[in-house]
Amino acid sequence: QAQLVESGGGLVQPGGSLRLSCTASGTIFSNKVMNWYRQAPGKQRSLIGTISRTGTTEYYGSVKGRFTISRDNAKNTIYLQMNNLKPEDTAVYYCHVRISTTDYWGKGTLVTVSS
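Below is a summary of the structure that appears in this document.

### Things to note about the nonpolar core
Membership of the largest hydrophobic core comes to 29 residues, with the highest contact counts inside it found for Leu4, Phe29, Trp36, Phe67, Leu80, Met82 and Tyr93. Elements with a contribution of two residues or more to this core: strand E3 (18-25), strand E4 (34-39), strand E5 (46-51), strand E7 (67-72), strand E8 (77-82), strand E9 (91-99) and strand E11 (109-113). Top contributing element to this core by residue count: E9, with five residues. In this view, leucine 4 contacts Cys22, Thr23, Ala24, Phe29, Met34, Cys95, His96, Val97, Tyr104, Trp105, Gly106 and Lys107; residues no more than four positions away in its chain are not counted.

### Focus: the pairing of strand E10 (residues 102-105)
Successive side chains on a regular strand alternate, one facing one side of the sheet and the next facing the other. By the bridge criterion, four bridges tie E9 to E10 in an arrangement that is antiparallel. Within the sheet, the bridge partner assigned to valine 97 lies in E10 and is tyrosine 104.

### Structural notes on the pairing of E3
When strand E1 (residues 3-7) meets E3, the two strands line up antiparallel, connected through five bridges. The residue bridging serine 7 from the neighbouring strand is serine 21, located in E3. Alignment of E3 against E8, held across six bridges, turns out to be antiparallel. Opposite leucine 20, over in E8, you have leucine 80 as the bridge partner.

### A closer look at the packing of aromatic side chains
Evaluated as defined, the whole model comprises two aromatic pairs. Where tyrosine 94 meets tryptophan 105, the ring centres are 6.4 Å apart and the plane angle is 90°; that geometry is what we call edge-to-face. You can see tyrosine 94 sitting in strand E9 and its partner tryptophan 105 sitting in strand E10, a full eleven residues away along the chain. Accessibility expressed as a relative area gives 34% for tryptophan 105, which makes it partly exposed. Taken together, the ring pairs in this structure connect Tyr37, Tyr94 and Trp105 into an aromatic cluster. Residue placement shows arginine 45 over the ring face of tyrosine 94; its charged tip is 3.6 Å from the ring centre.

### Regarding the sheet that holds E1
Across a sheet, paired strands are connected by hydrogen bonds in the backbone, their directions being either parallel or antiparallel. Strands sit in the order E1-E3-E8-E7 across an open sheet of four strands; the sheet is antiparallel. Of all strands in the sheet, those with a lone pairing partner are E1 and E7, marking the two edges. In this sheet, adjacent strand axes meet at a mean angle of 15° when their direction is disregarded.

### Some words on the state of the cysteines
Scanning all chains against the criterion turns up one disulfide. The residue that forms a disulfide with cysteine 22 is cysteine 95, at a sulfur-sulfur distance of 1.9 Å. Torsion about the S-S bond of the cysteine 22 and cysteine 95 cystine: about 55°, corresponding to right-handed handedness. In this pair, cysteine 22 is assigned in strand E3 and cysteine 95 in strand E9, connecting sequence segments 73 residues apart. Taking the relative accessible area as the measure of exposure, cysteine 22 reaches 1% and is therefore buried. A relative accessible area of 0% means that cysteine 95 is categorised as buried.

Rules used in this analysis
- Residues numbered from 1 in each chain as written.
- Predicted model: local features only at pLDDT ≥ 70, side-chain atom pairs only at ≥ 80, totals over all residues.
- Heavy atoms only, no water.
- Core = buried A, V, L, I, M, F, W, Y, C linked by side-chain atoms within 4.5 Å.
- Buried < 20%, exposed > 50% of the residue type's maximum accessible area, 1.4 Å probe, protein only.
- Helix = DSSP H or I, 4+ residues; strand = E, 2+ residues; numbered from the N terminus.
- Contact = heavy atoms within 4.5 Å.
- Pairing = 2+ DSSP bridges.
- Phe/Tyr/Trp six-rings, centres within 6.5 Å; stacked < 30°, edge-to-face > 60°.
- Lys NZ or Arg CZ within 6 Å of the ring centre and 35° of its normal.
- Axes fitted to C-alpha atoms, helices over the stretch in contact; angles between N-to-C directions.
- Disulfide = S-S within 2.5 Å.

This is how it looks when you write it as structure tokens:
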């Protein structure tokens, strides 16, 4: 059974930075595409970025140019470096992996951007 655990969320001022982590266990993740999603209050969960097994990344929406995803396969961990944070980045951030036909999610970590 695959498990994902996010960490690193918290309260940050506008313009600040945070780095989120997602550590996986229960299966081999080094050959899997990993994803970061977020869900803002009152909104649907949305995909913000992906990282391939080789480290190729793709970003979606307003995070382009501000967020960076990386992975450390030896630690079964992916990261989301978030810079120049804005109030509209306030959300619960989730990591996700699809293995065969099953989707696995962490419980999420809350990021609040406020002065």
